[in-house]
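What the coordinates show
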Amino acid sequence: MENNLPVISINNLAMNYGSKNVLKKISLEVYKGQIIGYIGPNGAGKSTTVKIMLGLVQGYEGSVNILGKDIKDGIDYKRKIGYVPETAEIYDNLSAKEYLIFIGQLYGLSLEEVERKAIGLMNLLGLGDVYLSRISSFSKGMKQKVLLISSLLHNPDILFLDEPLSGLDASSVLIVKELLAKLAEKGKTIFYSSHIMDVVEKISSRIILINDGEILADGSFDELKNNAHEESLEIIFNQLTGFNQHKEIVDQMLSIIE
Amino acid sequence: MKNFFLLKLLVPFKKLFTLIGIDYNVMRCILQVKLTMDSRRVPTVFNNSNNKNTNKDKNRFLSSLLIYMIIGLANLPFILLGHNFMFQMSIVFGILMFMITTSMISDFSSVLLDIKEKNILHSKPINSKTVNMAKFIHILYYLSSLTLALALPALIAAFIKFGFMFLFIFIIELIFINLLIIFFTSFLYLVILKFFDGEKLKDMINYMQISLTLIITVGYQFISQGFHYIGNSFDIVYTSQWWHYLIPPMWFAAPFEILINHHSENYLYIFMSLALLVPILGIIIYIKLIPSFERNLQKLNNEANKVKKTRNIKITQLLMNVICRNKEERIFFRFSSEMMKNEREFKLKAYPSLGFALIFPFIFMFNFSRIKGFEGLSETKYYFNIYFCTIMMPAIIMILRYSSNYKAAWVYKTVPLKKIRSIITGTLKAFIVKLLLPIFLLESVIFLSIFGLIIWIDILIVFITILIFINLCFNILEKALPFSESNEEQVNQGGTALLLMFIILLFASMHFGATFINYGTYIYALILIILNFFLWKYNFIITWDELENEN
């Protein structure tokens, strides 16, 4: 699947917040059609990486190239990117229709095109009857669907999804997983961060594990399994991040609770 | 979405925007969304038709402008006084600038400090120039409506009295003043953003807003008092001092002297050039500062995980144990105290009111005493002014039900509570101990030192009256659990507030009547104490059903 040039190429990326090193010289290359499962404990630097690639965080060291261009050279690359942020940041005083039209237009789509796509996708995800309602009245899962739709309106080549399944019901999860697989088949690149290892294990074609600002592992699930001699990503994850006291912690918790 | 008036205004400038590298259509989109959101401070759950709401919003916006216009009437005397422009216009501009800046900081900081915007907009293919221009126009739009409303009375009066030329200078200068204010406020925020971050920063901004709200109101009282002295001293001949160059309102007064009165002193020209150059320079600096502003804005997201030591003050601990009779009440006493201490929205709304409660009695007292003089004050019954500190009580009790984390109120229902009553009494008692008592004690000490210890019984009566009054507030106001409703759903209960004000007047009159009878006050105090005892024992009964119905 790895044909010619990388879609994303990160070179010695480092970032400090004050004295805290969030990213310590990360380098990686991502190719067309890959679904990257980007995993790591809380505060490992996942969101920061994604935010740098989106141009939301400035002041980093190293270089980031997306679709062959340094992201410092202009904003046009963003036209090809869809983004679902980690915290469901959304203008919830708007109706779903207004929000989607707004976002679509920001990506340069015409009003007619956005409307057609928005209502179509809303209907398919079962939100047709709340198309005109304010987002503030939506449940977590409904908001998540709106965010997903807003990231897909402009048919992007790269998708950055931060915990995209959170709050979704089982049938929607099925739809989204299938959708991601199909998008990858069509040559889109998906950069997916999550804490739910079962999902990452199943949908990713490549898994990148980051901890404390450094890449600990990079490869397909099978490769990780072979290296670690373990069967589940969850165990591999904890092994690599050096976490093995969960049983003792639970024992102590039980003794406190009882 | 509506096609707003502002958006139509921009159409002719389409080419100009495109010329300086701004994506006009995108900018228009952003502005449309922002204006739509501004007009929707009330989110209605599952409401598909927006018509009803937009109408209501419009009225609300108009009425707020109307209030500003009424405030703006304060400028009239200064315009109409005479032809000493240097003096008159300095004061007019001083008032205008102060009003605009403060409302800009207190009402508009949410726009200036919007971090959501960054994540939503900057991840899209929009150049930062376009985003910044949209932001700038948005701010400018509100600033202009505000300025226009505030200055309208003065503008009309100036036109009638001094003619077109005066009006023209006035309007041009207002534009420059707005530029200066934009620069000034963002610079102020930049400095604060630079030195503080995370929660501390939010606290700083919060306190700044609170103090500014306070200053406005108090400032107004003093301006109104100042009229007398200004009226008398109107023949002052203006002499320029070096420090006058540091007072912006004076810069803006100078052009009137030059262009209308045809005075041509050097210092006037310096003032005038300052009035022209500083705002222009300021706005250039502002545009240069935006990136660094944005960078520092990220700090708002940072969480400084500093552990705050909780000081358990023994006195409150003691008071709590005395006045809260059961465990549940104590739980909510503690909970509400913490909430009142930490919730910024609450502080922003409640603290200025508390400040007024502290200041009002003195303002009214000084207003009265100015007529007769301070001597002999202690022989009068002006200590009744202490009743003015109750004016803000209903307002604060009303605020207690709101919270920005109102959704967390589900805990009330899921925990095994014996009586809902404890939630309410616990909260009200926390309010009394934490907010009311400190202010009332301070007030009492001052009043006792002015009027002598003899009025202790009257002070006691007032305090008991307040306690009874809190009962009545609860009964009359719409019932709700504390911190359980969204800030944005606030309903105006102006009518009820008026009724409550009348009740206080009734209490005060009874008290006043009692002072004419021998031992009257003592008997009255005894009656109040008994009434208060029974009210706090048996009132505040409320059921879940009642609460449901209210919603």
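Just so we're clear, the structure is a prediction, and the values are computed from it rather than from any experiment.

1. Re the overall build of chain B
Broken down by element type, chain B carries 22 helices and two strands. Relative to its full complement of 551 residues, chain B shows a buried share of 50%. Long-range contacts, defined here as pairs at least 24 residues apart, represent 82% of the contacts in chain B between residues at least 6 apart. Of the accessible surface of chain B, which amounts to about 28,000 Å², a share of 69% is contributed by carbon and sulfur atoms.

2. Structural notes on the confidence of the model for chain B
All names here are of chain B. Confidence along chain B averages 78 in pLDDT terms, with 79% of residues attaining 70 or more. Put simply, helix H4 (residues 51–72) is where chain B has its lowest mean pLDDT, 60, and helix H21 (residues 520–538) is where it has its highest, 90. Counted against residues more than four places away or in other chains, residues 42–59, with its pLDDT under 50, gives 22 contacts. Here the predicted complex carries an ipTM of 0.77, next to a pTM of 0.71.

3. A look at the packing of helix H18 (residues 421–451) of chain B against helix H19 (residues 456–476) of chain B
All names here are of chain B. Look at H18 against H19: their axes get within 11 Å of each other, and the N-to-C directions meet at 155 degrees. Taken together, H18 and H19 sit at an angle that is classed as roughly antiparallel. The element H18 and its partner H19 pack so that their crossing is right-handed. Along its contact with H18, which presents Ile424, Leu428, Phe431, Ile432, Leu436, Leu437, Phe440, Ser444, Phe447 and Leu448, the element H19 presents Trp456, Ile459, Val462, Phe463, Ile466, Leu467, Ile470 and Phe474.

4. Brief notes about the pairing of strand E4 (residues 61–66) of chain A
All names here are of chain A. As judged from the five bridges shared by strand E1 (residues 8–17) and E4, these two strands associate in the antiparallel manner. Within E4, the residue paired with Ile8 across the bridge is Ile66. Where E4 meets strand E5 (residues 69–70), two bridges bridge the pair, whose relative direction is antiparallel. Looking across to E5, one finds that Asn65 is bridged to Asp70. The loop that links E4 with its antiparallel partner E5 comprises two residues; one of these, Leu67, has a positive phi angle of about 55 degrees.

5. Some words on the environment of Ile210(B)
Residues and elements named next belong to chain B. Relative to the helices and strands, Ile210 resides in helix H10 (residues 198–232). Given a relative accessible area of 6%, Ile210 falls into the buried group. Taking the C-alpha atoms as reference points, Ile210 and Tyr351, separated by 141 residues in sequence, lie 6.6 Å from one another. Other than its neighbours up to four places away in sequence, Ile210 contacts Lys347, Leu348, Tyr351 and Pro352.

6. With respect to the sheet that holds strand E2 (residues 20–30) of chain A
Strand-to-strand pairing in sheets goes through backbone hydrogen bonds, with the strands running parallel or antiparallel. Within the open sheet, the four strands sit side by side as E2-E1-E4-E5 (chain A). Their pairing is antiparallel. Pairing within the sheet leaves two strands with one partner each, and these edge strands are E2 and E5 of chain A.

7. Details of the sheet that holds strand E10 (residues 214–219) of chain A
All names here are of chain A. If you trace the six strands from one edge of the open sheet to the other, you get E6-E7-E8-E3-E9-E10, paired in mixed fashion. Of all the strands in the sheet, just strand E6 (81–84) and E10 have a single pairing partner and so form its edges. Across the sheet, the mean angle separating the axes of adjacent strands is 15 degrees when strand polarity is ignored. Where E6 meets strand E7 (residues 158–162), four bridges bridge the pair, whose relative direction is parallel. What sits directly across from Tyr83, in E7, is Phe160. With respect to the sheet, helix H4 (residues 140–152) is in contact with E6 and E7, its orientation differing from that of E6 by roughly 170 degrees. Running at roughly 145 degrees to strand E8 (residues 189–193), helix H5 (residues 170–185) makes contact with strand E3 (35–39), E7 and E8 of the sheet.

8. Focus: the pattern of salt bridges
Going through the model one piece at a time under the given rule, you end up with ten salt bridges over all chains. We note a salt bridge from Glu113(A) to Lys117(A), for which the minimum N-O separation is 3.8 Å. A residue pair is termed a helical-turn pair when its members lie 3 or 4 positions apart in one helix, as Glu113(A) and Lys117(A) do in helix H3 (residues 111–124) at four residues. Taking the relative accessible area as the measure of exposure, Lys117(A) reaches 22% and is therefore partly exposed. Between Arg401(B) and Glu485(B) there is a salt bridge, with its nearest N and O atoms 3.0 Å apart. Placement of Arg401(B) in the loop between helix H16 (393–399) and strand E1 (402–403) and of Glu485(B) in strand E2 (residues 485–486) is noted, with a sequence separation of 84 residues between them. Side by side, Arg401(B) and Glu485(B) carry an identical accessibility label, which is buried.

9. Focus: the side chain of Lys46(A)
Here Lys46(A) shows up in helix H1 (residues 46–53). For Lys46(A), the contacting residues outside a window of four places in its chain are Tyr38(A), Ile39(A), Gly40(A), Pro41(A), Ser193(A), His195(A) and Ile210(A).

10. With respect to the packing of aromatic side chains
Residue and element names in this part refer to chain B. Summed over all chains, the structure comprises 33 aromatic pairs over all chains. With a centroid separation of 5.4 Å and an interplanar angle of 80 degrees, the aromatic rings of Phe533 and Phe534 are classed as edge-to-face. Classification of Phe533 as partly exposed rests on a relative accessible area of 45%. Assessed through its relative accessible area of 43%, Phe534 is described here as partly exposed. The ring of Phe474 carries Lys479 above its face, with NZ or CZ at 5.6 Å from the centroid.

11. Some details on the pairing of strand E9 (residues 206–211) of chain A
Residues and elements named next belong to chain A. When you tally the buried positions in E9, you get five out of six residues, the bulk of the element. As judged from the four bridges shared by E3 and E9, these two strands associate in the parallel manner. Residue pairing across strands places Gly37 opposite Ile207, the latter belonging to E9. Pairing analysis gives five bridges linking E9 to E10, with the strands arranged antiparallel. Within E10, the residue paired with Ile207 across the bridge is Gly219. Counting the residues in the hairpin turn of E9 and E10 gives two residues, including Asp212, whose phi is positive at 50 degrees.

12. A word on the packing of helix H13 (residues 314–323) of chain B against H18(B)
All names here are of chain B. Two elements in contact, H13 and H18, have axes separated by 10 Å at closest approach and are oriented at 145 degrees. Between H13 and H18 the crossing geometry is right-handed. Every residue of H18 that contacts H13 at Thr316, Leu319 and Ile323 is listed here: Lys429, Val433, Lys434 and Leu437. Residues that form the contact of H13 with H18 fall into these classes: four nonpolar, one polar and two charged.

13. Describing the environment of Tyr38(A)
Residue and element names in this part refer to chain A. With respect to the element layout, Tyr38 can be found in strand E3. Residue class for Tyr38 comes out buried when judged on its relative accessible area of 0%. Taking C-alpha positions, Tyr38 is 11 Å from Asn211, a pair spaced 173 residues apart along the chain. Sequence-distant contacts of Tyr38, that is, excluding residues within four places in its chain, are made with Ile26, Gly45, Lys46, Thr49, Phe191, Tyr192, Ser193, Ser194, Ile208 and Ile210. Within polar-contact distance, the side chain of Tyr38 engages the side chain of Thr49 at 2.9 Å.

Reading the values: rules and limits
- Residues numbered from 1 in each chain as written.
- Chains lettered and ligands numbered in written order.
- Predicted model: local features only at pLDDT ≥ 70, side-chain atom pairs only at ≥ 80, totals over all residues.
- Heavy atoms only, no water.
- Helix = DSSP H or I, 4+ residues; strand = E, 2+ residues; numbered from the N terminus.
- Buried < 20%, exposed > 50% of the residue type's maximum accessible area, 1.4 Å probe, protein only.
- Contact = heavy atoms within 4.5 Å.
- Areas by Shrake-Rupley, 256 points an atom, 1.4 Å probe, with all protein chains shown as cover.
- pLDDT = per-residue confidence, 0-100.
- Axes fitted to C-alpha atoms, helices over the stretch in contact; angles between N-to-C directions.
- Parallel < 35°, antiparallel > 145°, perpendicular 65-115°, else oblique.
- Left-handed = near helix turned anticlockwise from the far one by under 90°.
- Pairing = 2+ DSSP bridges.
- Salt bridge = Lys/Arg side-chain N within 4 Å of Asp/Glu carboxyl O.
- Phe/Tyr/Trp six-rings, centres within 6.5 Å; stacked < 30°, edge-to-face > 60°.
- Lys NZ or Arg CZ within 6 Å of the ring centre and 35° of its normal.
- Nonpolar A, V, L, I, M, F, W, Y, C, P; charged D, E, K, R; others polar.
- Polar contact = N/O pair within 3.5 Å; in protein donor to acceptor, adjacent residues only side chain to side chain.

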